[in-house]
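Here are the chains, one letter per residue:
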Amino acid sequence: MTREPIPSPAPFLPEAFVARASAGLSQSAAAAALGVRPALLKAWERGEADIPRDRLAALRALAPLRPRREAGFTFIDLFAGIGGMRRAFEAAGGECVLTGEWNMRALETYLANHGGGHPVVGDVRLLEDSMVPAHDILVAGFPCQPFSLAGVSKKNSLGRPHGFADETQGTLFFDVARIIASSRPRAFLLENVRNLLSHDKGRTFEVIRRTLAEELGYRLSWRVMDGSLWVPQRRPRIFIVGVREGNPFEFDTVRLPEAGPTMSSVLHAEGEAGADPRFAPGGIPLPKYTLTDGLWSFLTNYAEKHRAKGNGFGYGLVGPGDVARTMSARYGKDGSEILVRNGSGNPRRLTPRECARLMGFDRPGLDPMVIPVSDAQAYRQFGNSVVVPCVEAIAMAIAEHLCVSASKPETALAA
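Read on for a plain summary of the structure. Small disclaimer: the values here were computed from a predicted structure and weren't measured.

**Here's the deal with the nonpolar core**
Right, so step 1: Counting residues in hydrophobic clusters, the biggest one holds 66 residues, and the most contacted among them are Phe89, Ile137, Leu189, Leu350, Phe382, Ile394 and Ile398.
Right, so step 2: The element contributing the most residues to this core is helix H15 (residues 388-407), with 10 residues.
Right, so step 3: Apart from residues no more than four positions distant in its own chain, Leu350 is found in contact with Met263, Leu267, Tyr289, Tyr331, Ile338, Val340, Cys355, Leu358 and Tyr379.
Right, so step 4: With 29 residues, the next largest nonpolar core counts Phe173, Leu196, Phe205 and Leu212 among its residues.

**Digging into the sheet that holds strand E7 (residues 187-193)**
Right, so step 1: Strand order in the open sheet formed by seven strands is E5-E4-E3-E6-E7-E9-E8, and the pairing between neighbours is mixed. The sheet is open, and its two edges are formed by strand E5 (120-121) and strand E8 (219-226), each paired on a single side.
Right, so step 2: Here two bridges tie strand E4 (residues 94-100) to E5, and the two strands are oriented parallel to one another. Bridging from a neighbouring strand, Gly100 pairs with Val121 of E5.
Right, so step 3: Lying on the sheet, helix H5 (residues 84-91) is in contact with strand E3 (73-78), E4, strand E6 (137-140) and E7; it crosses E3 at an angle near 175 degrees.
Right, so step 4: Helix-sheet contacts for helix H10 (residues 203-215) involve E7, E8 and strand E9 (236-243), and the interaxial angle to E8 is about 140 degrees.

**Some thoughts on the pattern of salt bridges**
Right, so step 1: All chains considered together, the criterion is met by 27 salt bridges.
Right, so step 2: Two residues, Glu90 and Arg86, come together in a salt bridge whose shortest N-O distance is 2.9 Å. Taken together, the residues Glu90 and Arg86, both in helix H5 and four residues apart, mark about one turn of the helix. Accessibility classification places Glu90 together with Arg86 in one group, the buried group.
Right, so step 3: Among the salt bridges present, the one from Glu191 reaches Arg237, with a minimum N-O distance of 3.7 Å.

**Digging into a nonpolar patch on the surface**
Right, so step 1: A surface patch of nonpolar side chains, amounting to about 230 Å² of accessible area, comprises Leu197, Trp222 and Val224.
Right, so step 2: Positionally, Val224 belongs in strand E8.

**Quick notes on the pairing of E4**
Right, so step 1: Most of E4 sits out of view: six of its seven residues are buried.
Right, so step 2: Sheet analysis places E3 next to E4, joined by six bridges and oriented parallel. Bridged to Leu78 within E4 is Gly100.

What counts and what doesn't
- Residues numbered from 1 in each chain as written.
- Predicted model: local features only at pLDDT ≥ 70, side-chain atom pairs only at ≥ 80, totals over all residues.
- Heavy atoms only, no water.
- Core = buried A, V, L, I, M, F, W, Y, C linked by side-chain atoms within 4.5 Å.
- Buried < 20%, exposed > 50% of the residue type's maximum accessible area, 1.4 Å probe, protein only.
- Helix = DSSP H or I, 4+ residues; strand = E, 2+ residues; numbered from the N terminus.
- Contact = heavy atoms within 4.5 Å.
- Pairing = 2+ DSSP bridges.
- Axes fitted to C-alpha atoms, helices over the stretch in contact; angles between N-to-C directions.
- Salt bridge = Lys/Arg side-chain N within 4 Å of Asp/Glu carboxyl O.
- Patch = residues over 30% accessible without salt bridge, like charges linked within 9 Å, V, L, I, M, F, W, Y side chains within 5 Å.
- Areas by Shrake-Rupley, 256 points an atom, 1.4 Å probe, with all protein chains shown as cover.

In C-alpha cells, the structure reads:
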C-alpha cells in the first residue's frame, strides 16, 4: 500500500475528519479501529499532519455504505447545521454537492447521518467562487445580522454607485449573495427566524430583498410558516424563495397537513418498539432527565415572581395531548420551555431522541437519526435546526415549480 499523504486545501475540511465523522465514531474509537494513537488521528483531523492514503481508505471503510440514488436536481447546503434542510431536499429528489458548516460538533452529527461523499467546507467566507460546484438550488439558513450603512452613506455623499457588497460586507448574508451572484442557481431557499422581517426596524429585510431581487435579478416570494402543522411545536420561521427565470414561486402550492400532531407522537412510551437504550431503555426515560428538586423549585419561584409582576416569563408543561412552545438552542440549560409532566413527581426534560422527533428528523418509516454527540450538544443542535417536514413540503413544491418552468419553451434552461 502506498503511504502518499493526502493534502487538504482550505477551506475544505481535512479528509480525516470528514471520514471519521461519517463513520459516526469518536476519535478514540476510530483510533482504536485504525491501530493508531488518538493524538495522531487528532493531528490528521486538524490538518496538522497529512494522513497516509492507506489510513484514509481504512477510515473511510468504517463508515456505513450509503447507496447513491438517482437525483432530479442538485443543491448546495450552506450553514447546514445538522442537516435538516438536506434531509428535506433529498426527500424531494435532490442530491447535495457541497456542504458548508463552521460548527464542528454540528458537522459530527451531519456527517454521521449523511456521509461526506462531496466537498465539505468549514468557513463559507473562505469559499472562492470557482470552488463552488454547479448546482440547481442553493439552500441556506444564514444567521440574522444587522447591516452597516456607513459605507453606503459615504458613497452617497460622494455621488458614487453602491451595491450589495457595500451594504452587506462583513455579514454572512454577503457570502450567500456572493455565491448566488457567481453561480446563478435556478432557485434558492433561505430560512431565518420570523423576526428577520422586523429586525433593525425592517432595514435588514429590505437590504436582503433589494439585493436578491433588484441587484441579482431573482423573482422573490416569502412567507412565515409555522412548523406546528407538521410537528407538535410552535415554530414560526420565514422562508424566502428566489427563482432565476419564469414565474415567481407560489407558497400556496406547498401542500399543508390538515391538522397538526400532538406530543403523543414525540414522547417515549413504556415498551415502545425500537426504544433507544441510550436515552430511554424500554421506553422509560433515564432518571437524569427528571429535574432536581432545586432546579424545579427555582423555576416555579421564578415563574411566580414574574407572574406577580404581570409578565409572561415561565416554564411550559406539556403532556401527550399538547403542543409545545418553540425549542431554543438553550434548551439544555434547564429545559424550561418544554417540560414533560411526570405524574406527581418533578417534570423532566425531553430526551435527545424526543427532540429528534419534535423537529421531524425521526418519523415513522425513516431510520432513526444518529446522535453521536453529548446531550448538551444535541439539545443545542436540535434547538438551532429547522422542522424537517415543513422544509420538505417547500422543497417538493420548489422542485415541481422548476420542473414546470423548465418545460415551457420561453423559460427552458440549458442542460
